[in-house]
Amino acid sequence: VLILKVHRSNFMIEGFTEEAGFSELAALGKQKRIPVVIDLGSGVLLSPDISGLPNEPTVRDAVKSKADLVCFSGDKLLGGCQAGIILGRKSLVSRLNRNPIYRVVRPDKITIGITEELFIKYLKGDYRNIPIWNSVRVSKAELTERSRVFIDKVSLPEGMLTIRDSYAYAGGGSDPGGKIESVIIKFNGFNSQELAAAFRLTDPPVIGRIEGNAFCVDLRTVLPHQEDRLVQLVRKTVLELNKRN
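Rules used throughout
In every chain, residue numbers begin from 1 and rise along the written sequence. Only residues with pLDDT of at least 70 get local features here, since the model is predicted, and only at 80 or more are side-chain atom pairs given and counted; chain-wide, interface and lining totals rely on the full set of residues. Side-chain metrics rest on all non-hydrogen atoms present in the structure, leaving aside hydrogens and water. Helix and strand definitions follow DSSP, with helices as H or I runs of at least four residues and strands as E runs of at least two, each counted in order from the N terminus. Only protein chains enter the accessibility calculation, which uses a 1.4 Å probe; a residue is then buried when its area is under 20% of its type maximum, exposed when over 50%, and partly exposed in between. The contact definition used throughout considers only heavy atoms, calling two residues in contact when any of these lie within 4.5 Å. Accessible areas in this description were obtained via Shrake-Rupley with a 1.4 Å probe; residue shielding takes into account the shown protein chains only. Salt-bridge detection follows one rule: a side-chain nitrogen of Lys or Arg within 4 Å of a carboxyl oxygen of Asp or Glu. Pairing between two strands requires that DSSP report at least two bridges joining them. To define axes, lines are fitted to C-alpha atoms, for helices over the stretch in contact only, and angles between the resulting N-to-C directions are given on a 0 to 180 degree scale. To count as a disulfide, a pair of cysteine sulfur atoms needs to be within 2.5 Å. Candidates for patches are residues over 30% relative accessible area with no salt bridge; among them, like charges are joined within 9 Å and nonpolar side chains (Val, Leu, Ile, Met, Phe, Trp, Tyr) within 5 Å. Comment on the angle field: the value is read as roughly parallel under 35 degrees, roughly antiparallel over 145, roughly perpendicular from 65 to 115, and oblique elsewhere. Handedness of a crossing is defined here by the sense of rotation of the near helix relative to the far one, left-handed for an anticlockwise turn of less than a right angle and right-handed for a clockwise turn. Charged means Asp, Glu, Lys or Arg here, nonpolar means Ala, Val, Leu, Ile, Met, Phe, Trp, Tyr, Cys or Pro, and polar covers whatever is left, Gly included.

Trainee: Would you explain the overall build of the protein chain in this entry?
Mentor: When helices and strands are tallied, the protein chain shows 10 helices and eight strands. Taken along the three principal axes of its C-alpha coordinates, the protein chain extends 70 × 45 × 30 Å. Across the 245 residues that make up the protein chain, the buried fraction comes to 39%. For the protein chain, restricting intrachain contacts to residue pairs at least 6 apart in sequence, the fraction spanning at least 24 positions comes to 64%. Split by element, the accessible area of the protein chain, about 15300 Å² in all, is 53% carbon and sulfur.

Trainee: Whenever I open this one, the pattern of salt bridges confuses me. Can you help?
Mentor: Oppositely charged side chains are able to pair whenever their charged atoms sit close together. What the rule picks out here adds up to eight salt bridges. Two residues, Lys140 and Asp165, come together in a salt bridge whose shortest N-O distance is 3.4 Å. Of the two residues, Lys140 is situated in helix α8 (residues 140-154) and Asp165 in strand β5 (residues 161-169); the sequence distance between them amounts to 25 residues. Residue classification places Lys140 among the partly exposed residues on the basis of a relative accessible area of 29%. Take Asp165: its relative accessible area is 56%, and that puts it in the exposed class. A salt bridge links Lys153 to Asp228; the nearest nitrogen and oxygen atoms lie 3.2 Å apart.

Trainee: I'm lost on the sheet that holds strand β7 (residues 209-211) in this one. Help?
Mentor: Sheet strands pair by backbone hydrogen bonding; their relative direction is either parallel or antiparallel. Pairing within the open sheet is antiparallel, and its four strands lie in the order β5-β6-β8-β7. Across the chains shown, the open sheet's two edge strands, defined by having one partner strand only, are β5 and β7. Across the sheet, the mean angle from the axis of one strand to that of its neighbour is 50°, orientation sign disregarded. Sheet topology note: the strand β6 (residues 179-187)/strand β8 (residues 214-217) ladder contains two bridges and is antiparallel. Bridge pairing links Lys186 to Cys216 in β8. Across the sheet, helix α9 (residues 192-200) is in contact with β6, β7 and β8; its angle to β8 comes to roughly 40°.

Trainee: Got a minute to help me understand the state of the cysteines in this structure?
Mentor: Throughout this description, disulfide means a covalent bond between two cysteine sulfur atoms. According to the stated counting rule, one finds zero disulfides in the structure shown. Free cysteine: Cys71, not disulfide-bonded; nearest cysteine sulfur from Cys81 at 17 Å.

Trainee: I'm lost on a nonpolar patch on the surface in this one. Help?
Mentor: Residues Ile101, Tyr102, Val104 and Val105 make up a contiguous nonpolar surface patch of roughly 410 Å² in combined accessible area. Among the structural elements, Tyr102 can be located in helix α5 (residues 102-105).

Trainee: Before we go on, may I ask you to explain the environment of Ile184 in this structure?
Mentor: Relative to the assigned elements, Ile184 resides in strand β6. Accessibility expressed as a relative area gives 2% for Ile184, which makes it buried.

Trainee: Where do I start with the packing of α9 against helix α10 (residues 227-244) in this structure?
Mentor: When two helices pack together, their arrangement is given by the angle between their axes and by how far apart the axes lie. At their nearest, the axes of α9 and α10 sit 10 Å apart, and the two run at 125° to each other. One way to sum up the angle between α9 and α10 is to call them oblique. The two elements α9 and α10 cross, and the hand of that crossing is right-handed. Residues Glu194, Leu195, Ala198 and Phe199 of α9 lie in contact with α10, whose contacting residues are Leu233, Val234, Thr237, Val238, Leu241 and Arg244. Its residues assigned to classes, the contact of α9 with α10 shows seven nonpolar, one polar and two charged.

Now the structure itself:
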């Protein structure tokens, strides 16, 4: 028997709603002598003023509540490899280690090595070198400038690619519904579904999104060293599609 609080990873509840906080559940568990487990979903280690995600609870918040166990992902907003992390009371963690299932799901040395390197970056405050945070925290002004340069490099007829204000989202397992101010490169004068299908067949595939019935790309999701290759793919795909039509 335990009390489990699960992160709303990919849905929102709006209206007149309330929910129990971490400390409230921890106090209830202590009173009833029932372990309290908090599933944080993405596992944010940065405070909201640094992460820019005010609605996303941090690992520190959960641990400070004195919950018995806290679990979260090793990837997503933590920024590491695919893994699950559980921390908390030593006696309960030891029981988990002794469970026969642990031999099936225990991490290998590569996973442990990558996760260790990731936590060293956090301990040093070197989160700027964690790719996910470069993507989440990049400013709208910087994205606008990158988009302008990108459009110039693609060198398609004027008006075919334009820059528009939009929003990005942190993604599944984190801050459902939380908007991040962003800009998109909008492809004008194309059948959005046809263009999206053509981009999925490039090498590597280009996955954008359809917004306002137009295919769009947000450079927030593109690492800077990938931009030149994306320029080539966009120009080649658009020109080939124009020839076919």
